[in-house]
Number of protein chains: 2
Amino acid sequence: MSEYIEHDRVGKSVGQVEKKLYTFAESSEKMVLENGTHFGPITLAYETCGRLNSDRTNVILVLHALTGDSHMAGVYSEEDAKPGWWDIMIGPGKGMDTDRFFVVCSNIVGGCMGSTGPSSINPETGKPYGMDFPVLTMGDMVRAQKALMDHLGIKKLLSVVGGSVGGMQVLEWCVRYPEMVCSAIPLATTTKHSALAIAFNEVARQAIMADPNWCNGEYYSGKKPDLGLAVARMIGHITYLSDESMRQKFGRRLQDQSDFSYGFKADFQVESYLRYQGSKFVERFDANSFLYITKAADYFDLEQQHGGGSIVQAFSGVLAKFLVVSFTSDWLYPTYQSKTMVKAMKKNGIDVSFCEIEADCGHDAFLLPNERLTRLIRGFLEGVFNDIGR
Amino acid sequence: MSEYIEHDRVGKSVGQVEKKLYTFAESSEKMVLENGTHFGPITLAYETCGRLNSDRTNVILVLHALTGDSHMAGVYSEEDAKPGWWDIMIGPGKGMDTDRFFVVCSNIVGGCMGSTGPSSINPETGKPYGMDFPVLTMGDMVRAQKALMDHLGIKKLLSVVGGSVGGMQVLEWCVRYPEMVCSAIPLATTTKHSALAIAFNEVARQAIMADPNWCNGEYYSGKKPDLGLAVARMIGHITYLSDESMRQKFGRRLQDQSDFSYGFKADFQVESYLRYQGSKFVERFDANSFLYITKAADYFDLEQQHGGGSIVQAFSGVLAKFLVVSFTSDWLYPTYQSKTMVKAMKKNGIDVSFCEIEADCGHDAFLLPNERLTRLIRGFLEGVFNDIGR
């Protein structure tokens with residue numbers, strides 16, 4: 001695969017976090033995708049915090065979830081002061097201490113947050129790709145990130161860390177580039193999408209494709225399929241929460257009035273919350289990217305793709321040390337799925353720590369403040385750095 | 001409330017099952033709904049199996065779930081040979097033995113299966129009600145059924161039986177008409193919709209209302225919101241199953257081909273199943289009815305409406321004997337919700353048997369063949385009939 005060449009630098013340092021935002025374009029030939037097609041050039045957005053040490057042994061690669069982006073921590077500017085999606089975990093003195101580690105977060109190809117995706121201009125037509133964009137896999141996404149690491153001159157990753165779809169990329173990294181990955185922290189994730197997870201994604205996709213504004217993906221010059229995408233996001237939000245967290249957060253509390261509307265307004269706070277989440281999401285995310293990334297997640301099947309149907313075989317060449325974390329109330333990727341991967345790792349003699357964290361907040365737990373998770377990650381990274389990094 | 005007058009008889013006896021199908025229209029004045037409006041006349045479809053005994057003590061009232069109908073058992077004719085939705089449970093020698101019991105199944109007002117609903121003609125305008133249909137409650141539905149029982153000359157119900165939304169009606173019956181209900185079997189149900197259950201319903205409603213063919217409910221002379229309704233149904237189907245049942249039923253099995261399509265066809269069997277369920281559903285169900293019945297389910301809150309916020313208080317006047325059944329893999333109305341109602345019943349000295357049945361098939365378990373459930377229902381009904389009915 002060809003290397004990336006630095007294309008544009010748009011970030012700057014703000015406050016305590018060393019922050020840079022670059023975008024990169026691939027230099028030369030196209031990437032051969034898992035579906036057999038040739039595709040490129042590819043742009044990947046990424047962000048870094050902290051400083052690369054002289055022997056380049058302090059690199060942590062952070063991989064984001066379905067609708068995340070490369071903006072993992074800190075703020076871009078005083079005007080654009082929204083902190084990154086994992087700001088609680090990444091920064092000076094935090095779980096991933098940027099005083100010690102050089103943390104890189106790469107956006108995924110297929111997305112809409114600065115990297116090449118269905119909304120990008122197809123150089124062959126001068127128009128957005130839309131449905132001409134190829135269906136990618138987690139493997140393709142990770143191979144694009146590998147080229148980015150090559151470009152940055154990073155030969156070893158102290159750790160690869162990510163939750164949910166980010167956790168799938170973590171696993172792909174460990175299996176594809178075993179010599180490069182010293183340790184890995186897959187959070188709230190799975191080695192393959194269950195039928196339930198596929199079902200939720202499929203209904204979300206159907207909601208988008210049922211929107212007449214979707215127009216088979218060619219909506220970039222007209223009205224967007226906002227209503228369909230909002231429904232898709234609402235479905236997602238239900239899977240990110242849990243029965244218990246919704247009971248605590250909303251219960252049956254009414255939104256505005258003391259009695260029912262006896263109509264189809266949002267009577268309950270949970271209805272209002274979902275509608276709000278749906279309407280906010282369409283402002284920042286591209287419907288086609290949602291289709292492509294969920295499809296890649298559904299296709300993800302480590303044991304089939306790397307183990308000939310055996311999850312034990314899939315991990316057979318892996319050299320990384322692992323910290324695997326699941327959350328009790330996560331019903332999208334329940335604990336039994338993490339246990340399956342841990343068991344397969346142990347059968348291969350891999351050094352793995354596993355922790356199921358008691359949490360009421362469902363799948364989203366890995367993104368929320370959790371002192372136990374922070375301590376686990378901090379301790380694990382320090383141990384690995386002491387063993388390997390110095 | 002006014003009584004029903006028999007309006008039309010369209011059914012006939014077929015095979016072993018004594019079957020009649022009647023529709024009824026309300027005779028005179030309108031019903032005062034819980035939202036304060038006056039509404040009527042009302043038509044209710046119902047079906048009976050078995051024979052009413054001379055002292056009218058062998059009546060079982062069966063109440064159906066969200067999208068069910070009055071066709072509970074047997075077949076209508078040799079041409080229309082689709083068995084009723086609970087044919088495995090109701091019939092000669094079955095769990096509800098129609099050789100002994102007179103079983104009545106009443107459709108709900110608000111539906112689209114022969115009873116008055118949003119698709120019915122509004123006599124004041126000569127057009128379908130659409131969104132002019134009033135938002136009903138479970139209480140309204142049950143009061144309409146009570147008028148039907150009055151019309152049939154039924155003063156005592158040996159048992160009231162139903163699952164899911166039918167179970168909510170069962171509970172309403174016991175609380176509203178304690179003198180009339182000798183026993184009750186609420187299955188896979190709840191005393192109030194959780195935030196999670198409301199959330200699923202709300203997203204399903206949003207899917208319907210996002211369909212431009214919905215036209216604020218005025219679609220009866222044009223294109224129907226089939227795509228939105230199909231998405232709503234798919235969401236429902238996910239909640240009716242379980243992680244385990246989907247794993248067993250579908251796993252990651254592919255639909256047609258040995259490899260991925262690398263497109264947006266239904267690669268996986270579970271996708272194909274959901275699409276099929278969605279497309280079948282729109283042939284038989286009205287989108288507006290889906291909106292109204294889900295809203296009634298969301299509003300359902302026995303403790304608020306009958307107990308001033310106390311579930312114990314809500315059951316304080318209840319005289320019925322209960323068999324409460326939940327299913328281990330039901331995550332729409334999990335066992336803890338059944339336990340809450342059982343505890344409240346016990347605090348009131350109510351005679352209640354509770355059983356959590358081990359089942360992998362999720363919320364839908366109450367509709368599927370289950371020898372244990374059949375035995376439980378048969379035994380319970382025989383006991384009650386021996387005690388009270390004879």
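Residues numbered from 1 in each chain as written. Chains lettered and ligands numbered in written order. Predicted model: local features only at pLDDT ≥ 70, side-chain atom pairs only at ≥ 80, totals over all residues.

What about the interface of chain B and chain A?
Short version of the rule: C-beta atoms are placed from the backbone for every residue, and two residues are taken to be in contact when these atoms lie within 7 Å. Put simply, DSSP marks the helices as runs of H or I at least four residues long and the strands as runs of E at least two long, and each gets a number from the N terminus on. Lys, Arg, Asp and Glu make up the charged group, whereas Ala, Val, Leu, Ile, Met, Phe, Trp, Tyr, Cys and Pro make up the nonpolar group; the residues left over, Gly among them, are polar.
Taken together, the contacts link 43 residues of chain B with 43 residues of chain A. Counting residues per element, the ones that place at least two in the side of chain B that touches chain A are α3 (195-210), α4 (226-240), α5 (243-249), α6 (269-284) and α7 (287-299) of chain B. The element best represented in the side of chain B that touches chain A is α3(B), accounting for 11 residues. Of the residues contributing to the side of chain B that touches chain A, the split by class is 26 nonpolar, 6 polar and 11 charged.

Examining helix α10 (residues 335-347) of chain B
Residues and elements named next belong to chain B. For the record, the criterion: Under the convention used throughout, the expected extent of a helix is 1.5 Å for every residue step, that is, one less than its residue count. Partly exposed residues are those whose C-beta has more than 12 but fewer than 20 other C-beta atoms within 10 Å; 20 or more makes a residue buried and 12 or fewer makes it exposed, with C-beta atoms placed from the backbone. The directions from the helix axis to the C-beta atoms are what the arc is built from.
With 13 residues, α10 ought to run about 18 Å at 1.5 Å a step, and its terminal C-alpha atoms sit 18 Å apart, in line with that. Listed in full, the buried residues belonging to α10 are Gln-337, Ser-338, Met-341, Ala-344 and Met-345. Projected onto a plane normal to the axis of α10, the buried residues spread over an arc of 125° and lie on a single side. Gly-349 lies just past α10 and shows a positive phi near 70°.

Digging into the domain arrangement of chain A
All names here are of chain A. Our working definition: Note that domain bounds follow an automatic or database assignment of domains.
Looking at the assigned domains, one finds that chain A contains domain 1 (4-192 + 302-389) and domain 2 (197-295). A separation of 26 Å is found between the C-alpha centroids of domain 1 and domain 2. Taken together, the contact pairs 24 residues of domain 1 with 19 residues of domain 2. A per-class count over the side of domain 1 that touches domain 2 returns 13 nonpolar, 9 polar and 2 charged.

Considerations on the confidence of the model for chain A
Residue and element names in this part refer to chain A. The following threshold applies: Residue-level confidence of the predictor is summarised by pLDDT, bounded by 0 at the bottom and 100 at the top.
Mean pLDDT over chain A: 91, with 92% of residues reaching 70 or higher. pLDDT under 50 marks residues 7-22. Its contacts with residues more than four places away, or in other chains, come to 41 contacts. For this predicted complex, the interface score ipTM comes out at 0.92, while the overall pTM is 0.93.

Overview of the relation of the copies chain B and chain A
The test is simple: Superposition of the copies was done by least squares, using only C-alpha atoms of residues whose pLDDT is at least 70 in both.
Structural alignment of chain B on chain A gives an RMSD of 0.0 Å, achieved by rotating through 180° and translating 0.0 Å along the axis. Overall, the copies show the geometry of a two-fold rotation axis. Both copies present the same face, since 100% of the interface residues in chain B are matched by interface residues at the equivalent positions in chain A.

Considerations on unusual backbone geometry
Residue and element names in this part refer to chain A. With an omega dihedral of 0°, the bond running from Gly-40 to Pro-41 counts as a cis peptide bond. Mapped onto the elements, Pro-41 comes out in the loop between β4 (38-39) and β5 (43-49). Look at Ser-164: it is not a glycine, yet its phi comes out positive at around 60°. Along the chain, Ser-164 turns up in the loop between β12 (159-163) and α2 (165-176).

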